[in-house]
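# Commentary on secondary and tertiary structure
Okay, here's what each chain looks like letter by letter:
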Amino acid sequence: MPPSKDGGKGRQRTGSFLKETAILIGIALVLTVLIQTFLAKVYVIPSGSMEQTLHGCAGCTDDRVLVDKVIYRFRDPSPGDVVVFRGPEAWTHNDFTAEHTDNPVVAAVQWLGSLIGLAQVDERDFVKRVIAVGGQTIRCCDAQNRVLVDGKPLDEPYIYYVPGREPKTENFGPVTVPAGRLFVMGDSRLNSNDSRFQGGGGVNGTIAVTDVIGKARVIVLPPGRWGFISDHDPQLAAGGLALLWWRRRDWADSSLPV
């Protein structure tokens, strides 16, 4: 067999290309893991409890949401934030059940898929909206079917009631949220196992701030659903706006002179 005209340089170039490609793929995977571990991660949590803010109902294409994992290093979650969190022990059941496999290859593919939101994450991860924080007292409802925090009705334009069912939230409370904990609820009030019910409800239904993974910021998939996720503060009703104005005035008064 006659020797190759390029003296084997073609094979060397091919081997070098494959080696460089493998290195680049490895670097990309490492960067992906680091980014999604410390900065942001795409989640899919197929629960109908956040309809219609997030799609997760039967027959729907589940929303993939980008979760900011940095913000709560600088502040605690606020009322209105849509958060992803690890279900505490008191939360005895979930809104869905993830399928597990003993096949290491399939498990690896599922893990890689979860990094970019193409597969479900841990089955004890939840997504809900923060309604009340530590030190606040929450109950339901007033004559207009509004949830009250510290005696003041909430402004909740994101609430969704399942068609064909009475649009009325079941009474609960009052519950005083312990310091360092959150009272969370789903936007689909008639279809959400949240702080009202988990762990028997009440204080046991609250979650620890330390269990919060991050804030849901953007719907990234499917393309037709792309958009920012509202973090409308339900406590900023008429009285809340006045309070915000006073706070801003205080901040302006306390600022350093120019």
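Quick note: structure is the one above.
So, a few notes on the structure that sits alongside this text. (Residues numbered from 1 in each chain as written. Predicted model: local features only at pLDDT ≥ 70, side-chain atom pairs only at ≥ 80, totals over all residues. Heavy atoms only, no water.)

### What to know about the pattern of salt bridges
- Within this structure, the stated rule accounts for nine salt bridges.
- Across the salt bridge formed by arginine 129 and aspartate 187, the nearest N and O atoms sit 2.8 Å from each other. Of the two residues, arginine 129 is situated in strand S4 (residues 125–133) and aspartate 187 in the loop between strand S9 (181–185) and strand S10 (207–208); the sequence distance between them amounts to 58 residues. Of the two residues, arginine 129 and aspartate 187, neither departs from the other in class, the shared state being buried.
- Put simply, arginine 196 and aspartate 194 hold a salt bridge, and the shortest N to O gap is 2.8 Å. The burial state of arginine 196 is the same as that of aspartate 194; both residues are buried.
- One continuous salt-bridge network, built from bridges that share partners, spans Arg75, Asp81, Lys215 and Asp231. (Salt bridge = Lys/Arg side-chain N within 4 Å of Asp/Glu carboxyl O. Helix = DSSP H or I, 4+ residues; strand = E, 2+ residues; numbered from the N terminus. Buried < 20%, exposed > 50% of the residue type's maximum accessible area, 1.4 Å probe, protein only.)

### A few points about the environment of aspartate 155
- The residue aspartate 155 is located in the loop between strand S7 (152–153) and strand S8 (172–176) in this model.
- Sequence separation between aspartate 155 and histidine 232 is 77 residues, and the spatial gap between their C-alpha atoms is 8.8 Å.
- Reaching out from aspartate 155, the side chain makes a polar contact with the side chain of histidine 232 at a distance of 3.0 Å. (Polar contact = N/O pair within 3.5 Å; in protein donor to acceptor, adjacent residues only side chain to side chain.)

### Details of the sheet that holds strand S5 (residues 137–140)
- Taken together, the four strands give an open sheet; going across it, the order is S7-S6-S5-S8, and neighbouring strands pair in antiparallel fashion. The strands lining the two open edges of the sheet, one partner per strand, are S7 and S8. (Pairing = 2+ DSSP bridges.)

### Some points on the packing of aromatic side chains
- Under the defined criterion, the tally for this structure stands at five aromatic pairs.
- Relative to tryptophan 91, the ring of phenylalanine 85 has its centre 5.4 Å away and its plane inclined at 80°; by these criteria the two rings are edge-to-face.
- Linked through ring pairs, Phe85, Trp91 and Phe126 together constitute an aromatic cluster.
- The ring of tyrosine 43 is capped by lysine 41, whose NZ or CZ atom sits 5.2 Å from the centre of that ring.
- Directly above the ring of tyrosine 158 sits arginine 129, whose terminal nitrogen or CZ lies 3.8 Å from the centroid. (Phe/Tyr/Trp six-rings, centres within 6.5 Å; stacked < 30°, edge-to-face > 60°. Lys NZ or Arg CZ within 6 Å of the ring centre and 35° of its normal.)

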